[in-house]
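# Structural features, examined
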Amino acid sequence: MRITESLIYSRMRRDTLATQARHDDATRPLMTGQKATRPSEDPAYAQEMARLDRAMARQENYRGVIDTLDRKYQTIETSLSATVDLLSQLQTRAVQMANGTYNEEDRIAAGVEVADALATLTTLANTQIDGRYVFSGRAENLPPFDDAGNFVGDAVGRDIPVADGVTLDGDFPGSLIFGDLATGNSTFKAIQDFQAALESNNVDDLKTLVGTFKEVHDQATRSWSRLGSRRDELGRLSDVHLDQLTLNQMLSAETSAVDYADAASRMRFTEDAYNASVSTSQRVADLMHKMLNL
Amino acid sequence: MRWSLNALLSTGANAMSSQRTMLGVYGKNITNASTPGYSRERAIQTDMGWGLGSQIVGIDSLRDTTLQKSLLGSAQSFGFESARSRALQVAEPVVNGLDGSGLQQTLEKFFGALQSASANPSGLSEREVVLAEARALARSLNDAARGLEDARQAAADGAAQTIQTINAIANEVAGLNQQIRDIQGTGEPGHELVDQRDQLLAQLGQLADIDVVPVDGLITVTLGSGQPLVDGTSASRLSMTGGGSAPIGLQLTRASGFAQDVPSPERIGGQLGGAIDARDVTLTQSLAQLDDMAFGLAESMNAIHSSAIDLDGGTGSRFFDIPADAKGAALAIAVSADIVDRPKSLAFASDVANGPGDNTALLALIGLRDLGLGASGLTPSQGLDAVTSKIASALSAADTEARASEARFEDVKAQVASRSGVSLQEEMVALTEAQRAFEASSKVIQTAEELFDAVLRLV
């Protein structure tokens, strides 16, 4: 091939610019700490990063929902714990009062205590979070029980998405814990009956109520146990999300991580290539200058 | 054979004349060594026969028409890919989620807000967050659509600018054709004018796919479609039709006033074809994909929301305001005025009897995240992925092709330069050689004079 001076200069200019561009490309990962900063640099990488970002955002969000649900369950658990304690005390009291060693005066005095216990139970059943009744299910704007002890809340509750394709029951209807007058296992009715039996000094009724208290106590205890299972499930799901989140964070870090040794050596290589290109251009230019001086 | 002294004088004189011409040619080559598009010249020297010496019968310009044709082909390919790359680069920031921001993140935050609200659907603060994220999503979609529209407009502006340049070059080529015809009529080769014309054709080759056909000493330049852009000494005028939301159309108007559409404008090649292809294929399809995603999401949300129950027990309204069809949906989407500042108007319940904490409709809204929506049947995030992927892949391919075609273009340019360019070394050697030949020719005349003197002294 016939080589002309303008061809030499044109090549020198083009090759030097190309080595400069390669050097710029090689320094970018080191400057930004990212494998690519534009999707067109590596479309597959951009897609993978988008997928991981999406998965991580979703896992963070699920964990937030689980935390919210667990805070609600904690409040329910506090109420349930107090309810079970109260029913234990009432059950013990019923056994005592059904015993022949107590007289009418003692029973009337105990009736006052039981009235207080009924008021406490009503307060527990009306537990609220931010003005919403926790035992009313979806009808959270209304108290779960009417004055007679009928459950007037929502017994269905709502599903809360806690993982992809997985929902948990987000509510704990009061009827599960305190029973419902309509179904005959009402805790409120048991206490009211207890109070009436004490006031009327009806030992036979009191003896019957010992069994009733065992039932409503067991009912509350079973609910507590069920709540515990739900909290365990929430904890397990939260851990799964945390594990997945950690895994995705690692994958994201690995995917986007710059191999600094490789990047530094590429930068050094392109730097040397650029320097070589510039000095070669200089030498060729000197040579051509000398030749023309001849 | 007998030589007369006069013949010796003529031989020397003719040789000096030839060498002087050659010195002039070499000098011209040297002074034009850096003139863009200059093709080196060579004097054609022939023997005039006994007693006459040599003569210059013409001056040839060293150019290779095959290489010139190849140069046009590689120029149009480079022009096409580089213009396509430039046009798509404008759109890339719109879909770049690698910086931690972008549509995908906004979409995920919106569904995240709905999901958070599912645990407390009657909570006003949760509802405020849903509305804030819905507004952010609508704004992001508006911005993305505007960004893609701006990129389309920039490509259209680039195409319009290229058309102006094509028309200006076509006029110059037609003018040069006229000048070349005139000068060649006087017997001059007009190499300078041909060089200028070749230079313009090389520029034109980058702007559009052209074919150059020599006709009666002039040239005809046709577009890839076969329509004449320059026909001898008259130039046609290229103009743009369509634009806006419609695809770009091209029309070629001949000097006679006859106008004809250029078929498949995106296939016109060169920078013009690249800009049109980026605008009317990649960017238009990306915008349509974004519109489809926005429309599909908004339609589905509206269908659920307008049949659900709000916090006050009333029937819900539309969630998003959108146009009647998908076209322009991403640019126009907005949170419905019925709910935008009224968190209680968010309808998350399916039945008023279920109470204000009912989240049945809200769960259906959340479910849209993983449902295929719109005409494409893609989930919203898949729809956005498709937009990103389309632009990123097209840009990546255009960049790769632009680099490859630039290398081919530079190679052919080097071959052209190798054939037609001036080598200063070569010209200096030739100049020295011609100088020495000129001196030697003068010696012939000097010798003839001395011989004349010697003969005259004998008389």
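Residues numbered from 1 in each chain as written. Chains lettered and ligands numbered in written order. Predicted model: local features only at pLDDT ≥ 70, side-chain atom pairs only at ≥ 80, totals over all residues. Heavy atoms only, no water.

## Topic: the overall build of chain B
- Of the regular secondary structure elements, chain B holds 10 helices and 13 strands.
- Radius of gyration (C-alpha) of chain B: 37 Å, far over the 23 Å computed for a compact globule of 459 residues.
- Viewed in the frame of its principal axes, chain B has a C-alpha envelope of about 145 × 45 × 30 Å.
- Within the span of chain B, comprising 459 residues, buried residues form 51% of the whole.
- Contacts spanning at least 24 positions in sequence make up 68% of the contacts within chain B whose residues lie at least 6 apart.
- By element, 53% of the accessible surface of chain B is carried by carbon and sulfur atoms, the whole surface being about 19700 Å².
- In chain B, which carries 34 positive and 54 negative side-chain charges, the distance between the mean positions of the two groups comes to 5 Å. (Helix = DSSP H or I, 4+ residues; strand = E, 2+ residues; numbered from the N terminus. Rg over C-alpha atoms; globule rule 2.2 N^0.38 Å. Buried < 20%, exposed > 50% of the residue type's maximum accessible area, 1.4 Å probe, protein only. Contact = heavy atoms within 4.5 Å. Areas by Shrake-Rupley, 256 points an atom, 1.4 Å probe, with all protein chains shown as cover. Lys, Arg positive; Asp, Glu negative; His and termini not counted. Charge placed at Lys NZ, Arg CZ, Asp CG, Glu CD.)

## Structural notes on the domain arrangement of chain B
- Domain annotation of chain B identifies domain 1 (2-62 + 421-458), domain 2 (67-90 + 159-282 + 405-412) and domain 3 (93-151 + 283-399).
- Averaged C-alpha coordinates put domain 1 of chain B and domain 3 of chain B at centres separated by 84 Å. (Domains from an automatic or database assignment.)

## Quick look at the environment of Y260 of chain A
Residue and element names in this part refer to chain A.
- Along the chain, Y260 turns up in helix 7 (residues 260-293).
- Residue Y260 is classed as partly exposed on the basis of its relative accessible area of 45%.
- As a C-alpha pair, Y260 and G33 span 227 residues in sequence and 8.6 Å in three-dimensional space.
- If we ignore the near neighbours within four places in the chain, the residues touching Y260 are L30 and G33.

## Thoughts on the pairing of strand 5 (residues 228-231) of chain B
Residues and elements named next belong to chain B.
- Here 3 bridges tie strand 4 (residues 218-223) to strand 5, and the two strands are oriented antiparallel to one another. In the strand pairing of strand 5, T220 is matched with D231.
- As consecutive antiparallel partners, strand 4 and strand 5 are separated by 4 residues, and within that stretch G226 has a phi angle of approximately 90 degrees, a positive value.
- As defined by bridge partners, strand 5 adjoins strand 6 (residues 234-235) across 2 bridges and the pair is classed as antiparallel. Residue pairing in the sheet places V230 in a bridge with A235 of strand 6. (Pairing = 2+ DSSP bridges.)

## Overview of the side chain of S82 of chain B
Residues and elements named next belong to chain B.
- Within the secondary structure, S82 sits in helix 2 (residues 65-95).
- You can call S82 buried: its relative accessible area is 13%.
- Separated by 3.2 Å, the side chain of S82 and the backbone oxygen of G79 make a polar contact. (Polar contact = N/O pair within 3.5 Å; in protein donor to acceptor, adjacent residues only side chain to side chain.)

## Points about helix 5 (residues 187-199) of chain A
All names here are of chain A.
- Across its 13 residues, helix 5 extends 18 Å between first and last C-alpha, which sits within 8% of the 18 Å expected from 1.5 Å per residue.
- Of the residues making up helix 5, those classed as buried are T187, F188, A190, I191, F194, Q195, A197 and L198.
- The inward-facing, buried residues of helix 5 contact helix 2 (43-98), helix 3 (104-125), helix 4 (174-178) and helix 6 (203-256).
- Phi turns positive, to about 55 degrees, at N201, one or two residues after helix 5. (Expected span 1.5 Å × (residues − 1).)

## Let's talk about the sheet that holds strand 6 of chain B
All names here are of chain B.
- With antiparallel pairing, 4 strands are arranged side by side in an open sheet as 3-4-5-6. Pairing within the sheet leaves two strands with one partner each, and these edge strands are strand 3 (210-215) and strand 6.
- Packed onto the sheet, helix 5 (residues 191-207) meets strand 3, strand 4 and strand 5 and runs at close to 5 degrees relative to strand 4. (Axes fitted to C-alpha atoms, helices over the stretch in contact; angles between N-to-C directions.)

## Thoughts on the sheet that holds strand 8 (residues 248-253) of chain B
All names here are of chain B.
- Taken in spatial order, the 3 strands of this open sheet run 7-8-9, and their pairing is antiparallel. Looking along the sheet, the strands with just one partner apiece sit at the ends: strand 7 (237-242) and strand 9 (259-262). Strand-to-strand twist across the sheet, computed as the mean angle between neighbouring axes with direction ignored, equals 35 degrees.
- Examined bridge by bridge, strand 8 and strand 9 share 4 bridges and lie antiparallel to one another. When the sheet's bridge partners are listed, L250 is paired in strand 9 with V262.

## Things to note about the domain arrangement of chain A
- Along its sequence, chain A is organised into domain 1 (52-252) and domain 2 (259-294).
- Placing the centre of domain 1 of chain A and that of domain 2 of chain A at their C-alpha centroids yields a distance of 80 Å.

## What about the packing of aromatic side chains?
- Overall, the coordinates contain 11 aromatic pairs over all chains when judged by the stated rule.
- Between F145 of chain A and F151 of chain A, the aromatic rings sit 5.4 Å apart at their centres with planes inclined by 65 degrees, giving edge-to-face as the arrangement. Across the pair, F151 of chain A and F145 of chain A agree in class, each one buried.
- Pairing F78 of chain B with F409 of chain B gives two aromatic rings, centres 5.6 Å apart and planes at 25 degrees, and the pair type is stacked. Taken together, the residues F78 of chain B in helix 2 and F409 of chain B in helix 9 (residues 380-420) connect sequence positions 331 residues apart. (Phe/Tyr/Trp six-rings, centres within 6.5 Å; stacked < 30°, edge-to-face > 60°.)

## Side note on the nonpolar core
- Formed by 53 residues in total, the largest nonpolar core has its most connected members in F110, L114, L290, M301, F319 and F320 of chain B.
- If you list the elements that add at least two residues to this core, you get helix 2, helix 3 (103-118), helix 4 (124-185), helix 6 (270-305), helix 7 (329-332), helix 8 (360-367) and helix 9 of chain B.
- Ranked by residue count, the leading element in this core is helix 4 of chain B, at 11 residues.
- When residues are assigned to domains, this core turns out to be shared by domain 2 (67-90 + 159-282 + 405-412) and domain 3 (93-151 + 283-399) of chain B, each giving three or more.
- Judged by nonpolar contacts, the second largest core, of 45 residues, contains A94, L121, F172 and I177 of chain A. (Core = buried A, V, L, I, M, F, W, Y, C linked by side-chain atoms within 4.5 Å.)

## Things to note about the pairing of strand 7 of chain B
Residue and element names in this part refer to chain B.
- For strand 7 and strand 8, the ladder comprises 6 bridges, and the chain directions are antiparallel. Note that in strand 8 the partner of T241 across the bridge is G249.
- Between strand 7 and strand 8, which follow one another and run antiparallel, lie 5 residues, and G243 among them has a positive phi close to 90 degrees.

## Describing unusual backbone geometry
Residues and elements named next belong to chain A.
- In the Ramachandran plot, D130 falls in the positive-phi region, its phi being about 50 degrees despite a non-glycine side chain.
- Even without a glycine there, the phi angle at N201 is positive, about 55 degrees.
- Examined against the element boundaries, N201 turns out to sit in the loop between helix 5 and helix 6.

## Some details on the pattern of salt bridges
- Scanning all chains against the criterion turns up 45 salt bridges over all chains.
- A salt bridge links D358 of chain B to R138 of chain A; its shortest N-O distance comes to 3.8 Å. Note that D358 of chain B is positioned in the loop between strand 13 (347-349) and helix 8 and R138 of chain A in the loop between strand 2 (132-133) and strand 3 (159-163), a pairing that runs across two chains.
- In this structure D358 of chain B comes out as buried when scored by relative accessible area, which is 1%.
- A salt bridge links D193 of chain A to K189 of chain A; the shortest N-O distance between them is 2.8 Å. Of this pair, D193 of chain A and K189 of chain A both sit in helix 5, 4 residues apart, which is roughly one turn of the helix.
- Owing to a relative accessible area of 38%, K189 of chain A belongs among the partly exposed residues under this scheme. (Salt bridge = Lys/Arg side-chain N within 4 Å of Asp/Glu carboxyl O.)

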